[in-house]
Amino acid sequence: QYTSNSLGAFFLLHFRYRAYILHMSHITLITTCIAACLCQASAHPDAMMLSTAESVDTVDESSLLQKQPEKNPAAKPHVIRLRRESVPIYRRGKIASYKTSYSGLITLGNPAQEFRVVFDTGSGNLIIPAVECRSESCLLHKRYDMRASSTAKAINSNGSAIVDGDLSEQVTIGFGTGQVTSEFVKDTVCLQEAVEEQRQPQQQQQQQQQQQVRMLQEVNSVSTSQTAGEEHLPAEKRKPPCVAMHILAAVEMSTQPFKSFLFDGILGLGLNTLAINSKFSTIPSLTKGGQLIGQFFGVFLTEGDDNEESEIAFGGADMRRVREPLSWTPVLKPEMGYWLVEIVAVRIDGRTLDICKDGGCKGVVDTGTSHLGVPAPADAEFAESLVQPAGEYLDCRLIPSPEVQIEIPGKNITLTSQTYMRRLPLREGVSVGSARGVVLPNASTNTTGPAPTDAVVPKNAAPAPVPNAGQNNATETRRFCRPRLMKVSLPEPLGPKLFILGEPVMHQYYTAFDMERKRVGFGLINNRFSRQDTGSRANRHGALPRGVETLLVQKQFKVSKSAPKESQHSDGPLDSVAFVQVSVRITLRPRR
């Protein structure tokens, strides 16, 4: 019995020891996997390219994830490089300001016809000039030839085919600046091929991607057939997302602002209801076709200093571009189709403005608007508070000026002169802004109305100079740093207290748009300017860009009785651009 008990104890200890060894082996294996994942993340910068579900999980842990359709867990957002275009605005033959836009490449039809478009969250349709368009704006750009595409078909707005000889529908869309009349076409649309920053040698990149695939297969039990497809090829070998969708072929385009820009058309990224119908809406079309991970995209806009490039990421957010977790705010009245958010309060230098105190303030987040849109009459108060005497400053983004706070649910959007000031100071009497601002296309124009906001003189400005008779009527000229403001005068239901959160906001914040959950996310942008030490910018006055000469730096001028006084209202090109969609009208006409 003693022997049998001893043998029993021996075998019991032996099996417990083996179980302990097995348990420790599992711990070691798990630790090794975690370490491998960490090493992979550090070795592969694309680990910060988060898919829709991953980005939501990372930045909004308090909410439950919606069920996503089955997809490749290793898929990454499709990132498109955006080109920043700065068009000089001239006064008296000299550069006085710039108007800007951001555009990327798409193709239409088969064989592919390439076009450069503005990715615009303030409108809902894809608009491209057609070969039938004879407007001056169309003739200066690439035009879409439906007859040259084997996949194109003329349709009405409901998708029905047009029979030869029948009348066809045309749609006229009014924007904050400009108007377009178009006909309806169905064709294949492809986004530009994806780009990756700091590309590693191809062999090393492929090895890392293969390792990532193996790890994901082990963890998620995903079969090779589901993961070893073209999603894991280098960016230059991946096929771009393509889908058959409905588009607008423009047959008339207004001169301004389309004539002066190099981009060809507009790709609307508003919600479904801002498009003619869902088949005209790009993101849902690409998602339903399985070309994108989800109805989610992120926008990184920079002023291009030191050749830094802007980008848009479809199917996720590029978290390398953000310095903090994204803060989300719900879309207000999503049935209207705009990325519309509630504005709780607006403050300038800590002082709360009256306009939003009784509620009703809203803001459209619009990638296609170059300025900060402010509802009238608050635009004048904004201008008076923010305009600063330029003094010795040549770059107004560096001048000390009041801080602007736009409070939305869940976030205080804080703007500084770095993003809301025009770069160039303007001499008194020189205007590059619009007195009309953003209005409905059929609104009457009051030519004797108030001056544009860039003609406002701050309350703290020194008195206007008086000619000095003893010095040949020479006097000092005044120069001002003026904010990029645009007056907004729209009625209900979008107005009247409507702000347009354009480039000044997006130069300060990375912005993410979630169509499925109807919400917008903001996070402080991570660009080269934001990474500079603020102390290094102190006491710097900046420099004038090449080509900017005496109009801005003139120190004196002469007053002559015979010389007509220059009007503050200029008929020349303006530096403000707003592609926010404000009207849609469909008519029947013979097809062109």
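Quick look at the structure, then. (Residues numbered from 1 in each chain as written. Predicted model: local features only at pLDDT ≥ 70, side-chain atom pairs only at ≥ 80, totals over all residues. Heavy atoms only, no water.)

**Quick look at unusual backbone geometry**
Following Ala376, the chain continues into Pro377 via a peptide bond in cis, with omega recorded as 5°. Looking at where Pro377 falls in the secondary structure, it is placed in the loop between strand 19 (372-375) and helix 7 (378-386). A cis geometry characterises the amide bond from Gly495 onward to Pro496, with omega recorded as 0°. Along the chain, the position of Pro496 falls in the loop between strand 26 (485-488) and strand 27 (498-501). Despite not being glycine, Lys333 has its phi angle at roughly 50°, a positive value. Judged by relative accessible area, which is 35%, Lys333 ranks as partly exposed. (Helix = DSSP H or I, 4+ residues; strand = E, 2+ residues; numbered from the N terminus. Buried < 20%, exposed > 50% of the residue type's maximum accessible area, 1.4 Å probe, protein only.)

**Digging into the pairing of strand 19**
What you see with strand 19 is no split at all: Leu372 and Val374 on one side and Gly373 and Pro375 on the other are buried throughout. As paired strands, strand 19 and strand 27 are joined by 2 bridges and run antiparallel to one another. The residue of strand 27 that forms the bridge with Leu372 is Leu501. In this sheet, strand 26 lies alongside strand 19 in parallel orientation, the contact comprising 4 bridges. Pairing of Leu372 across the sheet is with Leu485, part of strand 26. (Pairing = 2+ DSSP bridges.)

**Describing the pattern of salt bridges**
Side chains carrying opposite charge are able to pair once their charged atoms draw close together. Across all of its chains, the model carries 18 salt bridges by this definition. The residue Arg321 makes a salt bridge to Asp318 at a minimum N-O spacing of 3.9 Å. In this pair, the class of Arg321 matches that of Asp318, namely buried. For Asp514, the salt bridge goes to Arg519, with nearest N and O atoms at 3.2 Å. (Salt bridge = Lys/Arg side-chain N within 4 Å of Asp/Glu carboxyl O.)

**A look at the packing of aromatic side chains**
To describe a pair of aromatic rings, one takes the distance between the centres and the angle between the planes. For the coordinates displayed, the defined rule picks out 10 aromatic pairs. Here the aromatic rings of Tyr509 and Phe522 are separated by 6.5 Å at their centres, their planes lie at 90°, and the arrangement is edge-to-face. In this pair, Tyr509 sits in strand 28 (residues 509-514) while Phe522 sits in strand 29 (residues 519-524), placing the two residues 13 residues apart along the sequence. Take Tyr509 and Phe522: they sit in the same class, and that class is buried. Following the ring pairs from residue to residue traces out a cluster consisting of Phe119, Phe297, Phe314, Trp339 and Phe513. The positively charged end of Arg321 is found above the aromatic ring belonging to Phe300, 4.2 Å away from the centroid. (Phe/Tyr/Trp six-rings, centres within 6.5 Å; stacked < 30°, edge-to-face > 60°. Lys NZ or Arg CZ within 6 Å of the ring centre and 35° of its normal.)

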